[in-house]
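Residue-level structure breakdown
In case you want the letters, here they are:
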Number of protein chains: 2
Amino acid sequence: MSVTESEAPTADAFHRGGFVLVQPRKGHRAGLDAMLLAAAVPDGFSGRLADLGAGAGAAGLAVAARCPEARIVLVEREPDMLAHAGLTLAHEANARFSGRVELLAADVTLAGRARRDAGLDDAAFDFAIMNPPFNAASDRASPDALRRAAHVMESGLFEAWLRTASAIVRPGGGLALIARPQSLGDILAALRGRFGAVAILPVHPRAGEAAIRIVLRAVRGSRAGLTLAPPLVLHEGESGFSPRAEAAINGQAPLFGA
Amino acid sequence: MSVTESEAPTADAFHRGGFVLVQPRKGHRAGLDAMLLAAAVPDGFSGRLADLGAGAGAAGLAVAARCPEARIVLVEREPDMLAHAGLTLAHEANARFSGRVELLAADVTLAGRARRDAGLDDAAFDFAIMNPPFNAASDRASPDALRRAAHVMESGLFEAWLRTASAIVRPGGGLALIARPQSLGDILAALRGRFGAVAILPVHPRAGEAAIRIVLRAVRGSRAGLTLAPPLVLHEGESGFSPRAEAAINGQAPLFGA
């Protein structure tokens, strides 16, 4: 890529230097959400994992860094983000992931033969993770009609993304996603009949404050019921993360118990 | 009622003596769930509230005890439980509720004209609370076919109970329910298009253990998004309830913030 200095991507260390992410200086930048999502994958995971809508690869790389036998496919449709994901993989600090992290240019919302033709085969993965983009419009106090339109879009988004996750994950395989609490109804509706054993972990900025995110795990084809895991509280005291949040963000401990 | 001594109902004090519940000695007995449900009603609530499936009246009485201007209708279809609810209202310890707590013999699952004819009029209430019976079969490790049947029954139960709640609560009025976490998907599906501003409060037996109940509040016709409230942890230390649980159970503080 040819870029001016002000447009040059940044190379940011995650997991206390465990890997580096090359990402655009402006726009959506990976951080806390991607690290929490990666922390939802069980310790010792050694199968094939799809990072759906991977962006520059933050969550997928974080899984690769913590799970040395995992094989990761970063799935992204935006050429600019794919380019940054390529720079991420080419970065010398990430050389140890060579051969077990690959890129796939594909639109997660494709279905049926178009999806398979794009490289997302049926039951080809042991796990899928996703941090679907959300429409900030529905956060704002916008007029009802706009809010309804945004909601319909977002509802369709989870349906499409989870339809793909359901298709590409083998029976008994896993799913993890991170989303806003207000999406929970859409997510549970889209999971129905596809994934079970749903475990929801609310993420609260501080004790006593409403959750700002949910991290959700599920098992393809399971009939087991939904559970609500003990919440994660991000911040304790005046500054800094709680020990549990710190460990999850830095790849030292998974978010969910065994 | 004419009963032998071993079948005689018990008269149990709740809210540290604030009211007495007369209930059967055997079978389902009211307790923690009913008190937590009642604690989901805001402090100072002064409208008309339906306790759907009221049993012997535990939750409705608990609201009446904490909210001195609330008017309560205990809705129950089982003659035996209605008889106990009548004994509860007639108990001298409950004399102060006279004139603002009444019984209604009606099946919550009725719809349309049959519901209205049974005394559950459209938009006739400012609030509805419910602790729907759940089928213990779906808790056990039963064969898949039985589990599926139990799930279908339970899914239909929430649809029927929330259809009635939606019909009888005025726009802008409130709903509170207590249920098991595994019912969350059915509940959110049945709330859709009927109630918004859903707030979910997970109830954990201890910090670090999965939730055993959810207490859920919602607003009829609201378009506001779902929130996840800070959880309630019931037990702290070796014995006894946490201060927040103790206050909620004894009618000293509502469960949800203002």
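Residues numbered from 1 in each chain as written. Chains lettered and ligands numbered in written order. Predicted model: local features only at pLDDT ≥ 70, side-chain atom pairs only at ≥ 80, totals over all residues.

Some words on helix H6 (residues 184-191) of chain A
All names here are of chain A. Among the 8 residues of H6, 7 are classified as buried, and the element is accordingly described as predominantly covered. Along H6, the positions that sit buried rather than exposed are Leu184, Gly185, Asp186, Ile187, Leu188, Ala190 and Leu191. After H6 finishes, the residue glycine 193 shows a positive phi value of roughly 80 degrees. (Buried ≥ 20, exposed ≤ 12 C-beta atoms within 10 Å, placed from the backbone. Helix = DSSP H or I, 4+ residues; strand = E, 2+ residues; numbered from the N terminus.)

Some details on the interface of chain A and chain B
A common way to express how large an interface is: the accessible area buried when the components associate. Facing the 25 residues of chain A at the interface are 25 residues of chain B. Secondary-structure elements contributing two or more residues to the side of chain A that touches chain B are helix H5 (144-168), H6, strand S8 (195-204) and strand S10 (227-228) of chain A. The greatest single-element share of the side of chain A that touches chain B, amounting to 4 residues, is contributed by H6(A). Residue composition of the side of chain A that touches chain B, by class: 14 nonpolar, 6 polar and 5 charged. (Contact = placed C-beta atoms within 7 Å. Nonpolar A, V, L, I, M, F, W, Y, C, P; charged D, E, K, R; others polar.)

Side note on the pairing of strand S3 (residues 48-52) of chain A
All names here are of chain A. Counting buried positions along S3 yields 4 of 5 residues, so the element is predominantly enclosed. Two strands pair when backbone bridges link them, and S3 and strand S4 (residues 71-76) are joined in this way by 5 bridges, in the parallel orientation. Residue leucine 49 lies in a different strand from S4, and its bridge partner there is isoleucine 72. Each parallel crossover has a hand, and the one from S3 via helix H2 (residues 58-66) to S4 is right-handed. Two elements, S3 and strand S6 (residues 125-130), share 4 bridges in a ladder whose sense is parallel. Bridge pairing in S6 places leucine 49 opposite phenylalanine 127. (Pairing = 2+ DSSP bridges. Right-handed = clockwise from strand over helix to strand, strands pointing away.)

Let's talk about the packing of H6(A) against helix H6 (residues 184-191) of chain B
Interaxial distance between H6(A) and H6(B) falls to 9 Å at its minimum, and their mutual angle equals 115 degrees. Looking at the two axes, H6(A) sits roughly perpendicular to H6(B). Considering how the two elements wind past one another, H6(A) and H6(B) form a crossing that is left-handed. On H6(B), the residues that touch A:Leu184, A:Gly185, A:Leu188 and A:Ala189 of H6(A) are B:Leu184, B:Gly185, B:Leu188 and B:Ala189. For the contact of H6(A) with H6(B), the residue count by class is 6 nonpolar, 2 polar and no charged. (Axes fitted to C-alpha atoms, helices over the stretch in contact; angles between N-to-C directions. Parallel < 35°, antiparallel > 145°, perpendicular 65-115°, else oblique. Left-handed = near helix turned anticlockwise from the far one by under 90°.)

Observations concerning the relation of the copies chain A and chain B
Turning chain A through 180 degrees and shifting it by 0.0 Å along the axis lays it on chain B, with an RMSD of 0.0 Å. In short, the pair behaves as if placed about a two-fold rotation axis. Comparing interface residues between copies, 100% of those in chain A also sit at the interface in chain B, which points to an isologous, same-surface contact. (Least-squares fit on C-alpha atoms with pLDDT ≥ 70 in both.)

Things to note about the confidence of the model for chain A
Residues and elements named next belong to chain A. Here chain A averages 90 in pLDDT, and 90% of its residues register 70 or above. The low-confidence segment residues 136-141 (pLDDT under 50) makes 7 contacts with residues lying over four places distant or belonging to another chain. Our summary of model confidence lists the complex with pTM equal to 0.90 and ipTM equal to 0.87. (pLDDT = per-residue confidence, 0-100.)

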